[in-house]
Amino acid sequence: MAMQAGLDAHIVIVGCGISGIGAALKLTQHGFKNVKILEASGRSGGRIKSTSFGNGIVEIGANWIHGPSKENPVFRLACEHKLLDDKSMSEENQAVDVGGHPPFVPVFYSSSGKRLGPEIVEPASQLFSSLLKNSQEFFGTEIEPYPSVGEYMKKEIMHHTAQWKDDAETKRLKMAILSTMLKLECSICGSHSMDLVGLGSFGSYQTLPGIDCTFPGGYESLIHAMMKGLPQGIVSYNTPVKCVHWNGSFRPTQPSEPTYPVVVECENGEIVPADHVIVTVSLGYLKQYCQTFLNPPLPLHKAHSIKRMGFGTNNKIFLEFEKPFWDPSCQVISLAWEDESSLYDATPDVKKLWVKKLFGFTVQHSDERLGHVLCGWIAGHESEYMEELSDAEVKESVTEVLRRFIGDSTITPKRVFRSKWHSDLYTKGSYSYLSVGCSISDIDNIGQPLPLPGSNSRPFQVLFAGEATHPSFYSTTHGALLSGWREADRLISYSTPSVPGTGNLNSKL
Ligand SMILES: Cc1cc2nc3c(=O)[nH]c(=O)nc-3n(C[C@H](O)[C@H](O)[C@H](O)COP(=O)(O)OP(=O)(O)OC[C@H]3O[C@@H](n4cnc5c(N)ncnc54)[C@H](O)[C@@H]3O)c2cc1C
Ligand SMILES: *[C@@H]1O[C@H](CO)[C@@H](O)[C@H](O)[C@H]1NC(C)=O
């Protein structure tokens, strides 16, 4: 029985996000002749998605290059394609290590319309930062005093604040700030509550040096540049994959052709035979279709890890204003609800109180040319509920909050626009995190190719890439890109083994 060997192997990539594109580029550049991408939506980029709003561009999905320095492959690509400004590429910018949190100085407003001074904000944010840093230090220690980051943070905060000698009013405000910082952390993790984020594995997420930067022409400019490197016509858009049938021996219509171990069945009835399939769909999608996306179904340990691993929602609400009501130097406007002294990052009544989950706004841009645009951030079930509301309802609630906190009843946004990542049929949320009870072995399980080692069937029939399969850069664009490269490399070393005595061997000696 003949089969496609080496560079003739038929490879199908499911999903045209940065991981799928990265895998396709590596494979085609290596000389693979039969690479196809099947993409459910009508566009490339997946969770990298830019759009025009006001007079400028806003990011519906990924916003920053986290840790833009030499080790970050997204940064390297962006530099190669000249997509960043000089400041972002400067050596000074790359050398600063902020440990993953951009050095934004937030301006805090309280729900009674007061701007809070540094004597209140600084002690609270310093305490939060130091506790958050401590919570990353349990990774690899076997010690886990509480199951979740949220429980640990809350217990530690109560312990520390008990020693504060402030008056009741000051203390209440500081607690409100800490509550807001928990909500901010929910947005960063893409989790409903920090009580769902596992403490022992929290430190597995690694940061790279460099002050986070953005793409002046939109994050999607990177996708466009990458797509130019692919052969024409290798992507089939609007082609959702329904099921990957593997571990078979499928004979195409021409009896003279060799058999394939895999066929990909699309929603439109199209059948695509393959030797290897790289699945890059989001973890949210895999969770929903875990039982039916593969036939034979996923081995139990993989299915369990998909179930256990966290995947939540973080959304953005963009607001455009005629003129700014904030100072020119302001980067972040944060909201502190004075009734939240009990530190909660999830509201008990999502429908009525959803807007309380909004931790604040980043200043997107503020100048005459690009307009004055704020970006509100909201995570969790409150964020998912927000997706169901009408534009008018969202505009009304957010305007009301701004007027109340800033203490200015004339504040009126010209236009409002928000992301809806949870209702996106082919994403089902924003990004992954390690939930309570999870460890990086769950990430390894999710990324493990099929068939499992020890099987007599053809190896590497179904491979798994995507953001959620990277053990230390999950939830990021660089994690996604590296995972696509990893799976491409797996096929490259399988399909084009080095001849003993040359190449690889010599270079090792
Ligand atoms: C709001 C938000 C903010 C973010 N901010 C940042 C940030 O600032 N910095 C950062 O580094 N990262 C950020 N991220 C994360 C980053 O965007 C993702 O980690 C990364 O883009 C994921 O790439 P991927 O290729 O793994 O998946 P995706 O981009 O989701 O690509 C998967 C593709 O598969 C397709 N697909 C799904 N199901 C099927 C199917 N059945 N058949 C065919 N195709 C299918 C989808 O349509 C999609 O195009 C953010 C994400 C969100 C949502
Ligand atoms: C794959 O096929 C082989 C041979 O037919 C069989 O022994 C094995 O159980 C199958 N594996 C799965 C996961 O179905």
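Heads up: the structure comes first, above all this text.
Thresholds applied
- Residues numbered from 1 in each chain as written.
- Chains lettered and ligands numbered in written order.
- Predicted model: local features only at pLDDT ≥ 70, side-chain atom pairs only at ≥ 80, totals over all residues.
- Heavy atoms only, no water.
- Helix = DSSP H or I, 4+ residues; strand = E, 2+ residues; numbered from the N terminus.
- Rg over C-alpha atoms; globule rule 2.2 N^0.38 Å.
- Buried < 20%, exposed > 50% of the residue type's maximum accessible area, 1.4 Å probe, protein only.
- Near = heavy atom within 4 Å.
- Polar contact = N/O pair within 3.5 Å; in protein donor to acceptor, adjacent residues only side chain to side chain.
- Areas by Shrake-Rupley, 256 points an atom, 1.4 Å probe, with all protein chains shown as cover.
- Nonpolar A, V, L, I, M, F, W, Y, C, P; charged D, E, K, R; others polar.
- Core = buried A, V, L, I, M, F, W, Y, C linked by side-chain atoms within 4.5 Å.
- Contact = heavy atoms within 4.5 Å.
- Phe/Tyr/Trp six-rings, centres within 6.5 Å; stacked < 30°, edge-to-face > 60°.
- Lys NZ or Arg CZ within 6 Å of the ring centre and 35° of its normal.
- Pairing = 2+ DSSP bridges.
- Axes fitted to C-alpha atoms, helices over the stretch in contact; angles between N-to-C directions.

A count of helical and extended segments in the protein gives 16 helices and 19 strands. The globule rule puts the C-alpha radius of gyration for 509 residues at 23 Å, and the 24 Å found for the protein is close to it. Counting only C-alpha atoms and orienting by the principal axes, one finds that the protein spans roughly 80 × 50 × 50 Å. Within the protein, the fraction of its 509 residues that count as buried is 54%.

Take the site of ligand 2 next. Taken together, W246, N247, P296 and S457 make up the full set of residues adjacent to ligand 2. Separating an oxygen atom of ligand 2 from a side-chain N or O atom of N247 is a distance of 2.5 Å. In isolation ligand 2 has 360 Å² of accessible area, and contact with the protein removes 30% of it. Considering only residue class, the shell around ligand 2 consists of 2 nonpolar, 2 polar and no charged.

Before going further, it helps to spend a moment on the nonpolar core. One broad trend across soluble globular proteins is that nonpolar side chains are buried collectively. Within the largest apolar cluster, 41 residues are counted, with the highest numbers of intra-cluster contacts made by I13, I18, L27, I65, F215 and L222. When residues of this core are traced back to their parent elements, those giving at least two are β1 (10-14), α1 (18-30), β2 (34-38), α2 (73-80), α8 (220-227) and α15 (477-495). Looking at which element gives the most residues to this core, the answer is α1, with 6 residues. Ignoring sequence-local partners within four residues, the contact set of F215 consists of E59, I65, V74, A78, L83, L84, S221 and L222. V241, L294, I306 and V462 belong to the second largest nonpolar core, which has 34 residues in total.

On to the packing of aromatic side chains. One pass over the structure, following the stated rule, counts 16 aromatic pairs. Ring plane angle 50° and centroid distance 6.4 Å describe the contact between Y146 and Y152, whose orientation is recorded as tilted. Each member of the aromatic cluster is reached from another via a ring pair, and the members are Y285, Y289, F293 and Y426. Against the face of W485 rests K26, its NZ or CZ located 5.5 Å from the ring centre.

Listing the buried residues of helix α14 (residues 440-447) in full gives D442, I443, N445, I446 and G447. Packed against the buried residues of α14 are α9 (283-289), α10 (300-308), β19 (462-464) and α15.

Read from one edge of the open sheet, 6 strands run β5-β14-β15-β16-β13-β17, paired in mixed fashion. If you trace the sheet from one side to the other, it starts and ends with β5 (106-110) and β17 (415-418), each paired once. Neighbour to neighbour, the strand axes of the sheet diverge by 25° on average, direction disregarded. The sheet contact formed by β5 and strand β14 (residues 332-336) spans 5 bridges and is parallel. Within β14, the position partnered with S110 by the bridge is A336.

The next point concerns the pairing of strand β10 (residues 276-279). Residues H276 and I278 of β10 are buried on one face, and the alternating residues V277 and V279, pointing to the opposite face, are buried as well. As defined by bridge partners, β1 adjoins β10 across 4 bridges and the pair is classed as parallel. Its bridge partner being in β10, I11 is matched across the sheet by H276. Relative to β19, β10 runs parallel, the two being bridged by 3 bridges. Directly across from I278, in β19, lies its bridge partner L463.

Turning our attention to the site of ligand 1. Within the structure, ligand 1 sits among 38 residues, and S19, E39, R47, V241 and T477 are positioned closest to it. The side chain of E39 places a nitrogen or oxygen atom 2.7 Å from an oxygen atom of ligand 1. Put simply, the parts of the chain that give the shell around ligand 1 at least two residues each are α1, β13 (314-321) and α15. By residue class, the composition of the shell around ligand 1 is 18 nonpolar, 16 polar and 4 charged.

Attention now goes to unusual backbone geometry. Looking along the chain, the bond that leaves N295 and enters P296 is cis, with omega of -5°. Among the structural elements, P296 can be located in the loop between β11 (294-295) and α10. A cis amide bond links L450 with the next residue in sequence, P451, at an omega value of 0°. Checked against the element boundaries, P451 lands in the loop between α14 and β19.

What follows concerns the side chain of H372. Within the secondary structure, H372 is located in strand β16 (residues 371-379). Within the structure, the side chain of H372 is placed 3.0 Å from the side chain of S366, a separation counted as a polar contact.

With that out of the way, let us pick up the pairing of strand β4 (residues 56-59). Direction of pairing for strand β3 (residues 50-53) relative to β4: antiparallel, over a ladder of 4 bridges. Counted as the bridge partner of S52 is I57 from β4. Two successive antiparallel strands, β3 and β4, enclose a turn made up of 2 residues, where G54 displays a positive phi of approximately 65°.

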